[in-house]
Amino acid sequence: MIDEAVTDNDAWSVWPAPAKLNLMLRVVGRRADGYHELQTVFQFVDRCDRLGFRVREDGEVRRDGELPGVAAEADLTVRAARALQAASGCSLGVDIRCEKVLPMGGGLGGGSSDAATTLVALNVLWGTGLDTEALARLALPLGADVPVFVRGQAAWGEGVGERLTPVELPEPWFLVLVPPCSVSTQAVFTHPQLTRDSKPIKLADFTGGDVVNDCLPVVRDEYPAVADALDWLSQWGEARLTGTGACVFAAFAGRDQALAAWEQRPAGIDGFVARGCNRSPLLDRLTGIDTRLSSRHGPA
Ligand SMILES: C[C@](O)(CO)[C@H](O)COP(=O)(O)OP(=O)(O)OC[C@H]1O[C@@H](n2ccc(N)nc2=O)[C@H](O)[C@@H]1O
Ligand SMILES: Nc1ncnc2c1ncn2[C@@H]1O[C@H](COP(=O)(O)OP(=O)(O)OP(=O)(O)O)[C@@H](O)[C@H]1O
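Procedures and definitions
- Residues numbered from 1 in each chain as written.
- Chains lettered and ligands numbered in written order.
- Predicted model: local features only at pLDDT ≥ 70, side-chain atom pairs only at ≥ 80, totals over all residues.
- Heavy atoms only, no water.
- Salt bridge = Lys/Arg side-chain N within 4 Å of Asp/Glu carboxyl O.
- Helix = DSSP H or I, 4+ residues; strand = E, 2+ residues; numbered from the N terminus.
- Buried < 20%, exposed > 50% of the residue type's maximum accessible area, 1.4 Å probe, protein only.
- UniProt positions renumbered as here; feature names shortened; annotations may be inferred.
- Near = heavy atom within 4 Å.
- Polar contact = N/O pair within 3.5 Å; in protein donor to acceptor, adjacent residues only side chain to side chain.
- Areas by Shrake-Rupley, 256 points an atom, 1.4 Å probe, with all protein chains shown as cover.
- Nonpolar A, V, L, I, M, F, W, Y, C, P; charged D, E, K, R; others polar.
- Contact = heavy atoms within 4.5 Å.
- Arc of directions from axis to C-beta.

## Considering the pattern of salt bridges
1) Next: Here the structure, examined in full by the defined rule, presents 17 salt bridges.
2) Next: Measuring nitrogen to oxygen at the nearest pair gives 2.9 Å for the salt bridge that ties R56 to D95. Placement of the pair is R56 in strand 2 (residues 36–56) and D95 in strand 4 (residues 93–99), with a sequence separation of 39 residues. Note on accessibility: R56 and D95 belong to one class, buried.
3) Next: Two residues, D231 and R220, come together in a salt bridge whose shortest N-O distance is 2.9 Å. Placement of D231 in helix 8 (residues 224–233) and of R220 in helix 7 (residues 216–222) is noted, with a sequence separation of 11 residues between them.
4) Next: Residue class for D231 comes out partly exposed when judged on its relative accessible area of 41%.
5) Next: Residue class for R220 comes out partly exposed when judged on its relative accessible area of 30%.
6) Next: What emerges from the salt-bridge pattern is a single network uniting R54, R56, D58 and D95.

What follows is the structure in structure tokens.
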């Protein structure tokens, strides 16, 4: 974790790592390897970690700053950089700074998003030039949520989260509450009471209002702080759990309505107001880079 904000300058290149929400999450089966077959709808929000990258000539991958509870070797940004080095044979290295905004264990995919941003950014900064399919293949072993962040489009997700169909959804303002607890994704998916045989639905069923999150009963039982936050939020609209939690969210027609609810939140609950985005802020940053490059290398 670093104190000073990373800033874009000659040495450091700064990229966003947005959060995601699961607008619904069904567990429809379990694979032999223990992973679960899911149906989910991913949408990003404009609340992001900020990652700074400084290319090194010596091939070293170094984390510049600490992340509480996460050793450098386990950091998903370091693992992503090394995965790209191995896949591309690139001899360059990188210093990585992470300005952490997204809560860990929140169901917002913060670590997964950091990994995806590292793959996409270094693919540009190192000039390795892998296409999106190749990056998405590199992403999956880093985490089930990483491919959707690499592709950068809101999506209907199946499989373990890697079979993605882009969708265009309304982009409401969300109030996201962060209860004072951290939920282990693995603990929820290995819980004996988790529903693992929900009937698969179609996208039309979701848009028709079927937004169940199968993890909710287990999370409510195991994490009372999440249940309390959800019950409070439900007075404003349809309150939902994202991923395996701990974060819960509700959609509002406008930013002011979301902020008004935020002002009335119970003591001890953190959170934020953010806009739903079908196109990831990472993709906007990447496209911006492409535009800048083409303008710089455009006709003389
Ligand atoms: C719950 C979601 O956030 C929904 O988007 C994701 O499915 C979880 O994605 P993630 O945090 O990247 O998950 P991973 O780090 O790959 O897996 C953490 C643990 O969750 C369980 N896991 C995860 C995804 C999945 N489809 N089935 C699982 O059973 C596995 O026990 C795994 O060891
Ligand atoms: N750069 C990182 N940022 C956050 N977590 C990291 C990072 N590197 C490794 N991790 C580890 O990965 C775990 C999962 O991170 P992540 O933020 O993706 O999960 P999450 O917020 O619970 O979201 P979801 O449940 O949707 O996957 C964290 O609890 C942490 O131990």
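So, next bit.
## Some words on the UniProt feature "domain: GHMP kinase C-terminal" (unreviewed entry) in the chain
1) Next: Residues annotated in UniProt with the feature "domain: GHMP kinase C-terminal" (unreviewed entry) correspond here to residues 216–263.
2) Next: End C-alpha atoms of residues 216–263 are separated by 26 Å, and the span's content is 54% helix alongside 15% strand.

## Considering the site of ligand 1
1) Next: Lining the immediate environment of ligand 1, one finds 16 residues, of which N22, Y35, H36, A144 and D145 sit closest.
2) Next: In this structure, an oxygen atom belonging to ligand 1 sits 3.0 Å away from a side-chain N or O atom of Y35.
3) Next: With the chains in place, 85% of the 640 Å² that ligand 1 exposes on its own is no longer accessible.
4) Next: Counting residues per element, the ones that place at least two in the shell around ligand 1 are strand 1 (13–30), strand 2 and helix 5 (185–189).
5) Next: Per-class residue counts for the shell around ligand 1 are six nonpolar, eight polar and two charged.

## Topic: the UniProt feature "binding site: ATP" (unreviewed entry) in the chain
1) Next: Per the UniProt entry, the sites bearing "binding site: ATP" (unreviewed entry) are P103, M104, G105, G106, G107, L108, G109, G110, G111, S112 and S113 in this numbering.
2) Next: Tracing the sequence through the fold places L108 in the loop between strand 4 and helix 2 (110–125).
3) Next: Look past the residues within four positions of L108 in its chain and what remains in contact with it is A19, K20, L21, P103, F149, V176, T242, C247 and F272.
4) Next: For G110, the location among the structural elements is in helix 2.
5) Next: Sequence-distant contacts of G110, that is, excluding residues within four places in its chain, are made with D49, K100 and L102.

## Overview of helix 9 (residues 255–263)
1) Next: Taken residue by residue, helix 9 has A258, A261 and W262 as its buried positions. For helix 9, the buried positions fall inside an angular range of 105° around the axis, keeping them on one side. Turned more than 90 degrees away from the buried face of helix 9, the exposed residues are D256 and E263.
2) Next: Tucked inside the fold, the buried residues of helix 9 contact strand 7 (173–178), helix 8, strand 9 (248–252) and strand 10 (270–277).

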